Amino acid sequence: MKTVLLSPRTGSITVEEIPAPGAAPGTVVIRNDYSLISAGTERATVTTGAQSLVGKARERPEQMKQVLDTLKQAGVADTYRMVQDRLDRPMQLGYSCAGVVLEAGEGVDDIRPGMRVAAAGARYASHAEIVAVPRNLVVPVPEGVDSEWAAFATVGAIALQGIHQTETVPGSRIAVIGLGLVGQLTLHLLRAYGYDGVGIDPDPAMVALARSAGLTAHGRDVDDLAGVLCRHWGGAGADAVIITAATSSTDPIESAGRLARDRAAVVVVGDVNVAPPRSSYYHKELSIRYARSYGPGRYDSRFEEGGQPYPEGYVPWTERRNLSEVLRLVAVGALDLAQLRPRVFPIEDAAEAYAALKPSDGERDVALLLRYPGTAQLPPKPRQPSGPAVWTGPRGTVHIAAVGAGNFATKMLFPHLRREPGVAFSWIASARGLSAAHQGKRWGFGTVAESAETGLASAAADCVMVLSRHDSHGRYAAQVLRSGKALYCEKPLGLTEAELEEIATAWLASGAPAMAGFNRRFAPAMQDLKKVLPAGVPLQVGYRVFAGRLPADHWYFSPRQGGRLLGEVCHFIDAAGFLTGARPVSVSAAAVDTRDPVTAQSVTLHLDYDNGSTASIVYGGITPPGAPKECVEVAADGVAARLDDFRTLSVWAASGPTTTKYRGAPKGHAAEMRQLVRLIRSETVQDADFGTALWSSLAACRAARSVTLGRPVEVAPSSPSLAKALRCVPAPAVGAEQTADGPSRSAVTI
């Protein structure tokens, strides 16, 4: 399918072919008819892209701060590579579109294929022939409303939310400062609701456009503007002022103070310098409010991605209801968007459309639409095998495929795999297609697959790496094993015990090698620590992690993604099990100030093992930047050891103390990829045993349950398939012969 891409390095606009996205659970796949270019937001993005690195830093101080924080923690070389990678990674543009539903994902019951819909959301409702958008950002288009006008719904919702934030009633006096697209829509909406709105803009063309639609508007340069509006309103000031301008100047906020009546509200919708003068804001006791984009639900991953509704009685105007309201006003004729005089460009001429964002000879377009041919289709679904395929092993070169192409995969895994002799990259797929197209070319994958299912049906890989978002790991891992391919699944293996059972069933049936992405057991320092510990005796393990705070809107905290406990703490559960060499029998877990394992930032765990060992894991998710990351301490009969951040291993034993330092503090990714290749080649890799990964994953799921219940929980598997898979971990290492419980794996007891 065709999509519009921006180069962050140069600011250039191109139209390129990438795979169409599929219908993940909770999403809707839409074939676009039109998408709206947001003149203000997208002009700023393109302009920043065309600037030098210094210019980019000045325009985006928050991102520059992130770069500086990375520099302190990762060093110059890694930070430089990160910045260059980001600059080379193309971006999809757009966040407001309309079209026809092609497919609805699991859990979507109110949107059906064939319906005409409008959609919102950066990264979702893009300028592309086909888009996949979370259900809560999709609304049906009423009969009689053309898709051309439905594509305005998102930007209209931004304007509508600004009006809601004034907390005024129809008939009130509202001044709108800034008559770009959002400002024009705000004036039109105010008229539709019966407000007395007046627009203000320094551009005569924007004032003329508003007046041509029968709206009241004035130039910013009008003498005694406050007096003009006061006379217009019969001697009164504005009940509220909505600022929709985009400027670094303080003039809009200063003007709002002069135009507002006593105790009025000033609502900031646009990107302006908010430095209110005390003289007007203090004496009038004005209040400043911000309008959050399309409305309540914006930036809340639980609402937008998780599909969690807000009760209408408490939140009457969510972003989804704002979208629907804009379309309702168009349907009843109260909002005539044709008065905005939009210019329409075919998708192939997207570069020309973006060039039109730059004013020339005093002309300026306020509304630009991209039109799509409406012929794009999803690829046919691959034929599903009638039963599970059986692992046959590689022949010569090991061909590796990947589902997902995010930062972790491209930074920590692909570089190590590419260095391994006899390894070739086969195919790659990703949820939205863009990252697969970019990273597939960068790393030399032979094919960019339309979907994971298409890639698996091609039989062109010996091993498939599952590197996608956490909520898809269990589903993809089981599919990979059922297809008869070797599996590498990044942690977590699954977010529920049902997913672990499905994976275990597929693993037993296929006989394929499998590995989970618990890399710390492969770290040189962890391996050395394991060697100095006495075998067969109980250990006391203390694992402390200062992980640092994640923002509340981080994707980890979506209900679909399981939170930090399942997504991160599972690493340390596995490392503790690796050191003890025993099976966990119970776990007690508590989070700081919550019993919700999904939103918990910091958790403390205590694990008991079947050989008498114990482990305590303190995961600090609210620690400040710069704190040492990980510390492991182990006490045993006659031995004490401490591993600091994988940089230094200190051991105290009867023979005396020793200290070993590790250059670069490797956490095992290189060794893990090396062992993966050996595993695919059917070589014995004891530390890669998949049964131990299932035990660690089960313990993480039970830890989440313990947080919720507030008491210890047993770790013993409750499902037959999972119990059968876990019994494939005998105490002594054995061969690959068949046993009564199914094919055994060369393994060690955990």
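Residues numbered from 1 in each chain as written. Predicted model: local features only at pLDDT ≥ 70, side-chain atom pairs only at ≥ 80, totals over all residues. Heavy atoms only, no water.

With respect to the packing of aromatic side chains
Each aromatic ring pair is described using two quantities: the centre-to-centre distance and the angle formed by the ring planes.
Okay, step 1: This structure, assessed with the given rule, holds 11 aromatic pairs.
Okay, step 2: An aromatic cluster is built from F414, F425, W443 and F445, whose rings are joined through pairwise contacts.
Okay, step 3: Here R278 stacks its cationic end above the ring of Y282, 4.0 Å away from the centre of that ring.
Okay, step 4: Directly above the aromatic system of Y476 lies the positively charged group of R475, at a separation of 4.8 Å from the ring centroid. (Phe/Tyr/Trp six-rings, centres within 6.5 Å; stacked < 30°, edge-to-face > 60°. Lys NZ or Arg CZ within 6 Å of the ring centre and 35° of its normal.)

Quick notes on unusual backbone geometry
Okay, step 1: With omega at -5 degrees, the peptide bond leading from K491 into P492 counts as cis.
Okay, step 2: Position of P492 among the secondary structure elements: in the loop between β21 (486-489) and α19 (497-510).
Okay, step 3: Residues other than glycine seldom take positive phi values, yet R263 does so here, at roughly 60 degrees.
Okay, step 4: For R263, the location among the structural elements is in strand β13 (residues 260-268).
Okay, step 5: Located in the positive-phi region is A665, a residue other than glycine, with phi close to 50 degrees.
Okay, step 6: Tracing the chain through its elements places A665 in the loop between β30 (656-661) and α22 (669-680).
Okay, step 7: According to the relative accessible area criterion, A665 is buried, its value standing at 12%. (Helix = DSSP H or I, 4+ residues; strand = E, 2+ residues; numbered from the N terminus. Buried < 20%, exposed > 50% of the residue type's maximum accessible area, 1.4 Å probe, protein only.)

Describing the state of the cysteines
Okay, step 1: Scanning the model with the defined rule gives zero disulfides in all.
Okay, step 2: Unpaired in this structure, C489 has its nearest cysteine sulfur neighbour in C570, at a distance of 10 Å.
Okay, step 3: Of the residues examined, C489 reaches a relative accessible area of 0% and is grouped as buried.
Okay, step 4: Among the cysteines around C701, which has no disulfide bond, C570 carries the closest sulfur, lying 9.3 Å off.
Okay, step 5: Residue classification places C701 among the buried residues on the basis of a relative accessible area of 10%. (Disulfide = S-S within 2.5 Å.)

A closer look at the sheet that holds β21
Okay, step 1: On the basis of which strands lie adjacent, the open sheet formed by six strands has the order β19-β18-β17-β20-β21-β22 and parallel pairing. The sheet terminates laterally at β19 (447-448) and β22 (514-516), the two strands that pair on one side only.
Okay, step 2: Sheet topology places strand β17 (residues 398-403) next to strand β18 (residues 423-429); five bridges connect them, and they run parallel. Bridging from a neighbouring strand, V398 pairs with V423 of β18. (Pairing = 2+ DSSP bridges.)

A few points about α19
Every α-helix winds through 3.6 residues per turn, so residues three or four apart in the chain are directed the same way.
Okay, step 1: Look at α19: 20 Å from first C-alpha to last across 14 residues, which is about the 20 Å you get at 1.5 Å a residue.
Okay, step 2: Every buried residue of α19 is listed here: E497, E499, L500, I503, A504, A506, W507, L508 and S510.
Okay, step 3: Just beyond α19, the residue with positive phi is G511, at close to 70 degrees. (Expected span 1.5 Å × (residues − 1).)

Focus: the nonpolar core
Okay, step 1: Residues M526 and L694 are the most contacted members of the largest nonpolar core, which totals 115 residues.
Okay, step 2: Per-element tally for this core: the top contributor is helix α23 (residues 690-709), with 11 residues.
Okay, step 3: Excluding residues within four positions of it along the chain, M526 makes contact with R520, R521, Y543, A575, F578, L579, V632, L643 and F646.
Okay, step 4: Of all hydrophobic cores here, the second largest spans 53 residues; its members include L181, L209, I242 and L340. (Core = buried A, V, L, I, M, F, W, Y, C linked by side-chain atoms within 4.5 Å. Contact = heavy atoms within 4.5 Å.)

Describing the environment of S719
Okay, step 1: Its place among the elements puts S719 in the loop between β31 (713-714) and α24 (720-726).
Okay, step 2: A relative accessible area of 11% places S719 in the buried class.
Okay, step 3: Separated by 706 residues in sequence, S719 and I13 have C-alpha atoms that sit 53 Å apart.

Let's talk about the pattern of salt bridges
Okay, step 1: Tallied over the entire structure, the rule returns 26 salt bridges.
Okay, step 2: The salt bridge involving R123 is made with E305; its shortest N-O contact spans 3.4 Å. Here R123 is found in the loop between β6 (116-120) and β7 (130-134), whereas its partner E305 is found in the loop between α12 (301-304) and α13 (319-331), with 182 residues between them in sequence.
Okay, step 3: Across the salt bridge formed by R482 and E502, the nearest N and O atoms sit 3.2 Å from each other. In this pair, R482 is assigned in helix α18 (residues 473-482) and E502 in helix α19, connecting sequence segments 20 residues apart.
Okay, step 4: Judged by relative accessible area, which is 33%, E502 ranks as partly exposed. (Salt bridge = Lys/Arg side-chain N within 4 Å of Asp/Glu carboxyl O.)

Things to note about helix α21 (residues 563-580)
Okay, step 1: Here α21 is 18 residues long and its end C-alpha atoms lie 26 Å apart, about the 26 Å a rise of 1.5 Å per residue gives.
Okay, step 2: Along its length, α21 reaches its greatest deviation from straightness, about 45 degrees, at V569.
Okay, step 3: For α21, a buried count of 17 out of 18 residues is recorded, marking the element as mostly surrounded by other parts of the structure.
Okay, step 4: Just downstream of α21, G581 is the residue with a positive phi angle, here 65 degrees. (Bend = angle between axes of the 7 residues up to and from the residue.)

Description of the environment of G563
Okay, step 1: If you trace the backbone, G563 turns up in helix α21.
Okay, step 2: Residue class for G563 comes out buried when judged on its relative accessible area of 0%.
Okay, step 3: Residues G563 and V587 lie 24 residues apart in sequence; the distance between their C-alpha atoms is 18 Å.
Okay, step 4: In this structure G563 touches Y556, P597 and V598, once residues within four positions along its chain are discounted.

Keep in mind these numbers describe shape, not what the thing actually does.
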